[in-house]
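Coordinate inspection notes
Listed below, chain by chain, are the residues.
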Amino acid sequence: MSGRILDGETVVRLVVNGEERRAIAEPRLLLSDFLRHELGLTGTHVGCEQGVCGACTVRVDGRPVRSCLLFAVQADGCRVETVEGLAPGEELHPLQRAFQRHHALQCGYCTSGFLLASLDLLEREPDPDEATIRAHLAGNVCRCTGYQTIVAAVVAAAAELRGEARA
Amino acid sequence: MKPASFRYAAVETVDEAVALLAEHGDEAKVLAGGQSLVPLMNLRLAEPGLLVDVNRVAGLDGIAANGVVELGATARQADVERSPAVAAAAPLVVRGLQRVAYPTVRARGTIGGSIAHADPAAELPAVLLALGGEVVARGPGGERTIAADDLFRGYFTTALAPDELLVRVRVPAAAPGLRVGLDEVARKQGDFALAGAAVAVEVDEAGTCRSARVAVFGVADRPIRLAAAEQALVGRPLADAAARDEAAAAALALDTRGDGHASAEYRREAAAAMVRRALAQATDGGAR
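A short tour of the structure in this document, coming up. Note that this is a predicted model, so its numbers are computed, not measured.

**Digging into the overall build of chain B**
Helix and strand counts for chain B stand at 12 helices and 14 strands. By residue count, 56% of the 288 residues in chain B fall in the buried class. Only carbon and sulfur atoms are counted for the fraction: they give 49% of the accessible area of chain B, which is about 11,400 Å². Taking the 31 positively charged and 36 negatively charged side chains of chain B as two groups, their mean positions are separated by 4 Å.

This is the structure we're talking about:
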């Protein structure tokens with residue numbers, strides 16, 4: 001794509017949850033809309049579309065990003081992880097199970113963003129204290145839970161992922 | 001909302017970026033981390049005709065600390081925040097970064113982007129000002145260096161020309177006598193500051209202030225230095241609370257404006273409190 005100006009549609013190729021995917025995008029198409037509308041991956045939710053709410057958080061090349069603040073063409077050739085890739089099979093990921101067990105969601109709109117942001121934290125810091133969890137999730141907004149149960153779920157999932165008690 | 005249509009170029013070299021900026025002038029905008037520009041585009045407050053994406057320019061994201069701390073324009077804020085070399089040589093940079101938005105924004109946001117965007121309430125421009133740093137810009141005629149004192153010109157406005165790309169940010173590595181501090185008031189963690197202060201004070205072995213740079217943010221059209229605060233400190237012991245209080249009081253004379261978020265009076269009082277707290281941090285030395 002380098003060396004020329006893209007004016008109009010192009011093919012974007014990326015690896016989503018380990019699977020090669022491709023679809024058409026014009027430059028202004030946000031990665032969030034590309035995932036949902038072009039690839040049918042509607043687990044990534046769109047809240048504010050201005051980078052404030054965190055609902056659309058995914059990981060691109062291992063980094064958490066707000067997919068509403070990245071154009072799909074920018075993710076060309078990248079590795080993308082969405083909530084659909086969290087559970088390896090029929091069984092939920094420990095984070096998902098902990099969210100369920102601790103009632104860390106009600107309407108569920110923000111949940112996929114919280115899960116991806118939490119996953120990023122726990123991969124870097126396997127045993128975070130509550131303040132660290134709250135600081136890391138400060139960019140994700142939940143209007144149902146009041147956050148207490150979300151923090152409790154992340155604490156429980158961290159313990160399970162460290163090989164301690166099952167969340 | 002969705003952004004308006006634009007043309008897009010993912011460049012691989014700085015020269016390519018500069019050539020495009022020179023050719024397309026005001027119509028073109030540089031896209032780095034996108035954490036400020038893309039929200040503005042989604043809200044249609046910005047409708048650039050051409051985005052010059054510099055994320056794939058190799059070597060533009062360097063992080064180095066050898067006597068001077070040199071940060072590439074596209075160095076991710078999260079990477080700089082976690083760099084032990086930067087923590088040792090420029091702790092005020094790390095302290096400022098910890099207050100920039102949220103960890104997931106800092107994972108993508110860049111050092112150069114935050115400074116070039118020049119939001120008057122942003123932390124990094126104030127940190128650059130407090131540390132007496134500079135930026136290196138590349139244009140069609142080559143590179144030039146712009147001191148922080150000359151960089152910020154007004155709301156979201158810098159001395160960078162439309163055909164210049166900010167390529168590096170430099171701050172001096174902290175000397176043993178440098179004491180720093182930063183604090184801010186925001187409605188919630190990660191919000192832009194209603195008022196904030198970043199300070200860098202050089203003390204001698206007796207603890208006397210040899211020089212001081214006191215920058216406040218969120219209270220004017222750009223981050224600004226408080227000359228009266230700096231004068232109140234120089235020649236007096238940093239441990240002298242009366243000197244620090246006098247410095248903080250300089251913020252009460254700020255010609256600031258109220259808006260929907262805070263009144264002018266609140267901003268002045270808050271700025272004074274933040275200067276006082278930042279200087280207290282500097283005095284404790286733990287923050288260095």
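Moving on from the model shown.
**Digging into the interface of chain B and chain A**
Listed by partner, the interface residues are 42 residues for chain B and 35 residues for chain A. Note on chain B versus chain A: buried area summed over both sides is about 3,000 Å², and carbon and sulfur give 54% of it. The interface formed by chain B and chain A includes 3 salt bridges. The partner of Lys2 of chain B in a salt bridge is Asp33 of chain A, and the shortest N-O contact between them spans 2.6 Å. Run the count over chain B and chain A and you get 14 residue pairs in polar contact (both at pLDDT 80 or more). Only β1 (7-10), α1 (14-24), α2 (37-42), β3 (50-53) and α6 (103-106) of chain B provide two or more residues apiece to the side of chain B that touches chain A. Grouping the constituent residues of the side of chain B that touches chain A by class yields 21 nonpolar, 9 polar and 12 charged.

**Description of the nonpolar core**
Note that soluble globular proteins tend to have their nonpolar side chains buried in a common cluster. By size, the foremost hydrophobic cluster in this structure holds 57 residues, and its most contacted members are Val93, Ile111, Ile115, Leu128 and Leu131 of chain B. When neighbours within four sequence positions are excluded, Ile111 of chain B is seen to be in contact with Leu71, Gly72, Ala73, Ala75, Gln77, Val80, Leu97, Leu124 and Val169 of chain B. Core analysis: the next-biggest nonpolar cluster, separate from the first, contains 35 residues, Val16, Ala25 and Cys68 of chain A together with Val38 of chain B among them.

**Details of the packing of aromatic side chains**
The full count for this structure, using the stated rule, is 2 aromatic pairs over all chains. Between Phe71 of chain A and Phe6 of chain B, the aromatic rings sit 4.9 Å apart at their centres with planes inclined by 65°, giving edge-to-face as the arrangement. Taken as a pair, Phe71 of chain A in the loop between β4 (63-66) and β5 (79-81) and Phe6 of chain B in the segment before β1 lie in two separate chains rather than in one. You'll find Phe71 of chain A and Phe6 of chain B in the same group, each marked buried. Each ring, one from Phe114 of chain A and one from Tyr147 of chain A, has its centre 6.3 Å from the other, and the planes form 55°; the classification is tilted. Taken together, the residues Phe114 of chain A in helix α3 (residues 111-124) and Tyr147 of chain A in the loop between α4 (130-136) and α5 (148-161) connect sequence positions 33 residues apart.

**Details of helix α2 (residues 94-101) of chain A**
Residue and element names in this part refer to chain A. Here α2 lies mainly inside the structure; 6 of its 8 residues are buried. Among the residues of α2, those classed as buried are Pro94, Leu95, Gln96, Arg97, Ala98 and Phe99. Downstream of α2 by one or two residues, His103 has phi in the positive range, about 55°.

**Focus: the sheet that holds β3 of chain B**
All names here are of chain B. The 3 strands lie next to each other as β1-β3-β2, forming an open sheet whose pairing is parallel. Looking along the sheet, the strands with just one partner apiece sit at the ends: β1 and β2 (28-31). Pairwise comparison of adjacent strand axes, ignoring direction, gives a mean angle of 25° for this sheet. As paired strands, β2 and β3 are joined by 4 bridges and run parallel to one another. Bridge assignment links Val30 to a residue of β3, and that residue is Val52. The strands touched by α1 within the sheet are β1, β2 and β3, with β3 carrying the most contacts at an inclination of about 165°.

Rules behind the numbers
Residues take numbers from 1 onward in each chain, read along the sequence in its written order. Here the convention is simple: chains get letters from A, ligands get numbers from 1, in the order in which they are written. In keeping with the predicted nature of the model, local features appear solely for residues at pLDDT of at least 70, side-chain atom pairs appear and are counted solely at 80 or more, and the whole-chain, interface and lining totals rest on all residues. Values shown for side chains rest on all heavy atoms present in the structure; no hydrogens or waters enter the calculation. Helix and strand labels come from DSSP, where a helix needs a run of H or I of at least four residues and a strand needs a run of E of at least two; each type is numbered from the N terminus. Relative accessibility thresholds used throughout: buried, under 20% of the residue-type maximum; exposed, over 50%; partly exposed, between the two (1.4 Å probe, protein chains only). Reported accessibility uses the Shrake-Rupley method at a 1.4 Å probe radius. Residues are deemed covered only where the shown protein chains occlude them. Within this scheme the basic residues Lys and Arg register as positive and the acidic residues Asp and Glu register as negative, but His and the chain ends are omitted. Charge positions are represented by NZ for Lys, CZ for Arg, CG for Asp and CD for Glu. Should any heavy atoms of two residues lie within 4.5 Å, those residues are counted as being in contact. Accessible area, probed at 1.4 Å, shrinks when two parts are joined; the buried area is that loss added up over both. We define a salt bridge as a side-chain nitrogen of Lys or Arg found within 4 Å of a carboxyl oxygen belonging to Asp or Glu. In protein, a polar contact requires one atom able to donate a hydrogen and another able to accept it; more generally it is a pair of N or O atoms within 3.5 Å, and residues adjacent in sequence count only if both atoms are side-chain atoms. Gly is placed with the polar residues, together with every amino acid not listed as nonpolar (Ala, Val, Leu, Ile, Met, Phe, Trp, Tyr, Cys and Pro) or charged (Asp, Glu, Lys and Arg). The set of buried Ala, Val, Leu, Ile, Met, Phe, Trp, Tyr and Cys residues whose side-chain atoms join them within 4.5 Å is what this entry labels a nonpolar core. Ring pairs shown here join Phe, Tyr and Trp side chains whose ring centres sit within 6.5 Å, with only the six-membered ring taken for Trp; geometry is labelled stacked below 30 degrees between planes, edge-to-face above 60, and tilted in between. Only strands that DSSP links by at least two bridges are regarded as paired with each other. As a rule, the C-alpha atoms of each element are fitted with a line to give its axis, helices using only the stretch in contact, and angles between N-to-C directions run from 0 to 180 degrees.

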